Amino acid sequence: KAGVTQTPRYLIKTRGQQVTLSCSPISGHRSVSWYQQTPGQGLQFLFEYFSETQRNKGNFPGRFSGRQFSNSRSEMNVSTLELGDSALYLCASSGGEDTQYFGPGTRLTVL
Amino acid sequence: QKEVEQDPGPLSVPEGAIVSLNCTYSNSAFQYFMWYRQYSRKGPELLMYTYSSGNKEDGRFTAQVDKSSKYISLFIRDSQPSDSATYLCAIVNNFNKFYFGSGTKLNVKP
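Figured I'd write up the structure that's included with this text. Small disclaimer: the values here were computed from a predicted structure and weren't measured.

**Focus on the packing of aromatic side chains**
Evaluation of the coordinates by the stated rule reveals 14 aromatic pairs over all chains. When the ring of phenylalanine 47 of chain A is compared with that of tyrosine 49 of chain A, the centres are 5.7 Å apart and the planes differ by 70 degrees; the resulting orientation is edge-to-face. By the burial criterion, phenylalanine 47 of chain A is buried, and tyrosine 49 of chain A matches it. Between phenylalanine 98 of chain B and phenylalanine 100 of chain B the ring centres are 6.2 Å apart and the planes differ by 20 degrees, which places this aromatic pair in the stacked class. Three or more aromatic residues joined by ring pairs make a cluster, and in this case those are Tyr35, Phe45 and Phe102 of chain A together with Tyr36, Phe98 and Phe100 of chain B. The positively charged end of arginine 55 of chain A is found above the aromatic ring belonging to phenylalanine 50 of chain A, 4.4 Å away from the centroid.

Listed below in structure tokens is the structure:
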């Protein structure tokens, strides 16, 4: 099976802009979770989608939002970018066996 | 108190050494325990997964869970330079919510 794919792999934006990241889960997986990873804070949970519904949510401001489509692909949007949003954004898919499989991540740099 | 605590290291060992990586957790309701390995500029990859107390072995890797002490470990035998990476523990509650440790950076010197 193909693994989790994320696009784009690298992104450079300026403060105030918005960005949309995409994630395609492993075929058959219906749960998609998003994480932000920074050297100082480690891996922080953003939200989880299951069958197009947000099932869990972390403690991030409303500028961070997401959605999931009927084919389980997911997008994450960050509006009004801040310098502190520079991070590796990871998507993980789960097929219900209580494990998560991660994609390669999108490295976002905000200037 | 964080749900999962993990020593960030870095941990530097010579090739061939036995490596011990550890995490502690706070909530006895946690059900599933995992270890991920993350190479630089890559996503984490699942190494080991267990849901019961005791040991689980896979090649050079052994995952150990002690639910009474709320303590999990990953042992790497005969460590290799290719094991140099950041190791993350992950613990899942009964609502399928994942909690990750901050990661321990391991460097195995040839």
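Having seen the structure, we can now continue with the description.
**Quick look at the side chain of serine 72 of chain A**
With respect to the element layout, serine 72 of chain A can be found in the loop between strand E7 (64-68) and strand E8 (74-78). According to the relative accessible area criterion, serine 72 of chain A is buried, its value standing at 12%.

**Thoughts on the layout of surface pockets**
Roughly 600 Å³ of internal volume is contained in the largest pocket. Gln37, Thr38 and Pro39 of chain A together with Gln38 and Thr86 of chain B are, among the 24 residues lining the largest pocket, the residues nearest its centre. The set of elements that each furnish at least two residues to the lining of the largest pocket consists of strand E4 (31-38) and strand E9 (87-94) of chain A together with strand E9 (85-92) and strand E11 (104-109) of chain B. The residue makeup of the lining of the largest pocket, split by class, is eight nonpolar, twelve polar and four charged. Computed from the structure, the second largest pocket encloses a volume of approximately 500 Å³. Together, 21 residues line the second largest pocket, and Leu43, Gln44 and Phe45 of chain A together with Glu3 and Tyr99 of chain B are the ones closest to its centre. Residue assignment for the lining of the second largest pocket shows that the elements contributing at least two residues are strand E5 (42-50) of chain A together with strand E1 (4-6) and strand E10 (98-100) of chain B. Of all the elements, E5 of chain A adds the most residues to the lining of the second largest pocket, at four residues. Of the residues in the lining of the second largest pocket, the class split is eight nonpolar, eight polar and five charged.

**Some points on the nonpolar core**
Core analysis: the largest hydrophobic core is formed by 25 residues, its most contacted members being Trp35, Ile72, Leu74 and Tyr87 of chain B. Secondary-structure elements contributing two or more residues to this core are strand E3 (19-25), strand E4 (32-38), strand E5 (45-50), strand E7 (61-66), strand E8 (71-76), E9 and E11 of chain B. Non-local contacts of isoleucine 72 of chain B, meaning those with residues more than four positions away in its chain, are made with Leu21, Asn22, Cys23, Tyr25, Phe33, Trp35, Gln64, Val65, Cys89 and Ile91 of chain B. By size, the runner-up hydrophobic cluster in this structure holds 21 residues, among which are Cys23, Phe60, Leu108 and Val110 of chain A.

**Here's the deal with the pairing of E11 of chain B**
Residues and elements named next belong to chain B. Here E11 shows a buried face lined by Thr104, Leu106 and Val108 and an unburied face lined by Lys105, Asn107 and Lys109. Strand direction decides the pairing type here: strand E2 (residues 11-14) and E11, joined by four bridges, are parallel. Each bridged residue has a counterpart across the sheet, and for leucine 11 the counterpart in E11 is leucine 106. Two elements, E9 and E11, share three bridges in a ladder whose sense is antiparallel. Paired with alanine 85 across the two strands is leucine 106, which belongs to E11.

**As for the sheet that holds E7 of chain A**
All names here are of chain A. On the basis of which strands lie adjacent, the open sheet formed by four strands has the order E1-E3-E8-E7 and antiparallel pairing. With one partner strand each, in any of the chains shown, strand E1 (5-7) and E7 form the two edges of the open sheet. The mean angle between the axes of side-by-side strands here comes to 20 degrees, regardless of whether they run parallel or antiparallel. Relative to E8, E7 runs antiparallel, the two sharing five bridges. The residue of E8 that forms the bridge with arginine 67 is glutamate 75.

The rules behind the values
- Residues numbered from 1 in each chain as written.
- Chains lettered and ligands numbered in written order.
- Predicted model: local features only at pLDDT ≥ 70, side-chain atom pairs only at ≥ 80, totals over all residues.
- Heavy atoms only, no water.
- Phe/Tyr/Trp six-rings, centres within 6.5 Å; stacked < 30°, edge-to-face > 60°.
- Buried < 20%, exposed > 50% of the residue type's maximum accessible area, 1.4 Å probe, protein only.
- Lys NZ or Arg CZ within 6 Å of the ring centre and 35° of its normal.
- Helix = DSSP H or I, 4+ residues; strand = E, 2+ residues; numbered from the N terminus.
- 1 Å grid on protein atoms, 1.4 Å probe; cavity = no way out; pocket = protein on both sides within 12 Å on 5 of 7 lines; lining within 4 Å.
- Points joined across faces, edges and corners; volume = space filled by probe spheres on them.
- Nonpolar A, V, L, I, M, F, W, Y, C, P; charged D, E, K, R; others polar.
- Core = buried A, V, L, I, M, F, W, Y, C linked by side-chain atoms within 4.5 Å.
- Contact = heavy atoms within 4.5 Å.
- Pairing = 2+ DSSP bridges.
- Axes fitted to C-alpha atoms, helices over the stretch in contact; angles between N-to-C directions.

These values are about where atoms sit, not about what they do.
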